[in-house]
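Architecture and fold: a report
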Amino acid sequence: MSSTIDPTPDREEKSRQSRRYGLFGVSSTGGMSESQRTSMARWATAFVVIMAVAFLALVVFGSNRASGLTVSFDSQGGSEAVSQSVQYGETIGEPENVVRVGYTLTGWSLTPDGEQLWDFASDTVEENLTLYAVWEAQ
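**Details of the nonpolar core**
If you look at the biggest cluster of nonpolar residues, it comprises 15 residues, and the most contacted ones within it are F73, I92, W108, V125 and L131. Secondary structure elements with two or more residues in this core: β1 (69-74) and β4 (129-137). In terms of residue count, the dominant contributor to this core is β4 (four residues). L131 has contacts with V71, S72, F73, D74, I92, W108, S109, L110, W118 and F120, leaving out every residue within four places of it along the chain.

Now the structure itself:
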């Protein structure tokens, strides 16, 4: 009596094993309901979107920190003040020799109206900005 081996059952068994270990170790043909597959797809999509946003934020904020930031000065009628380049989080020096005939320079502000005075000793630069001269008539 000769024994013949039918290769078909082995192929079927291998096929079932490969299907059993699809995405997340769950069979793609069974084992998950449609709502479970939809929920998993939503989570995967949310994860990819969050990772993409985080990556873009790192690129944008990282490039500002690496390339440096510019602080411009608007003397509002006074002599010219030279712009300064600094790295993110650094302080800047107050421009020197800025004068305006008939006025005294009292400080620099983030706003043209002088409402938000800049403190050169403690304020740090976190973005490109313009500081405006605040003048007092003599």
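Read on for the rest.
**Description of the pairing of β1**
Residues of β1 alternate between two faces, with L69, V71 and F73 buried on one and T70, S72 and D74 left unburied on the opposite face. Judged from the three bridges that link them, β1 and strand β2 (residues 84-86) form a sheet pairing that is antiparallel. Following the sheet pairing, V71 is matched in β2 by Q84. Where β1 meets β4, four bridges bridge the pair, whose relative direction is parallel. Bridging from a neighbouring strand, V71 pairs with L129 of β4.

**Examining unusual backbone geometry**
Although it is not a glycine, Q76 sits at a positive phi angle of roughly 50 degrees. Tracing the sequence through the fold places Q76 in the loop between β1 and β2. For N97, which is not glycine, the phi dihedral falls at a positive 60 degrees. With respect to the helices and strands, N97 occurs in the loop between β2 and β3 (103-109).

**Comments concerning the environment of P95**
Inspection of the secondary structure assignment puts P95 in the loop between β2 and β3. Taking the C-alpha atoms as reference, P95 lies 9.1 Å from Q84; in sequence the two are eleven residues apart. Excluding anything up to four places from it in sequence, P95 contacts F73, A81, Q84, W108 and F120.

**Digging into the side chain of T111**
Examined against the element boundaries, T111 turns out to sit in the loop between β3 and β4. Separated by 3.2 Å, the side chain of T111 and the backbone nitrogen of E115 make a polar contact. With residues up to four places along the chain from it excluded, the contact list for T111 reads Q116 and Y132.

**Overview of the sheet that holds β2**
Pairing is mixed in the open sheet, where four strands are placed in the order β2-β1-β4-β3. Each having just a single partner strand, β2 and β3 make up the two edges of the open sheet. Averaged over neighbouring strand pairs, the angle between their axes works out to 25 degrees when direction is ignored.

**Overview of the side chain of S109**
You can see S109 is positioned in strand β3. Here S109 falls in the buried class, since its relative accessible area comes to 0%. In this structure the side chain of S109 is engaged in a polar contact, spanning 3.0 Å, whose partner is the backbone oxygen of T111.

Criteria and thresholds
- Residues numbered from 1 in each chain as written.
- Predicted model: local features only at pLDDT ≥ 70, side-chain atom pairs only at ≥ 80, totals over all residues.
- Heavy atoms only, no water.
- Core = buried A, V, L, I, M, F, W, Y, C linked by side-chain atoms within 4.5 Å.
- Buried < 20%, exposed > 50% of the residue type's maximum accessible area, 1.4 Å probe, protein only.
- Helix = DSSP H or I, 4+ residues; strand = E, 2+ residues; numbered from the N terminus.
- Contact = heavy atoms within 4.5 Å.
- Pairing = 2+ DSSP bridges.
- Polar contact = N/O pair within 3.5 Å; in protein donor to acceptor, adjacent residues only side chain to side chain.
- Axes fitted to C-alpha atoms, helices over the stretch in contact; angles between N-to-C directions.

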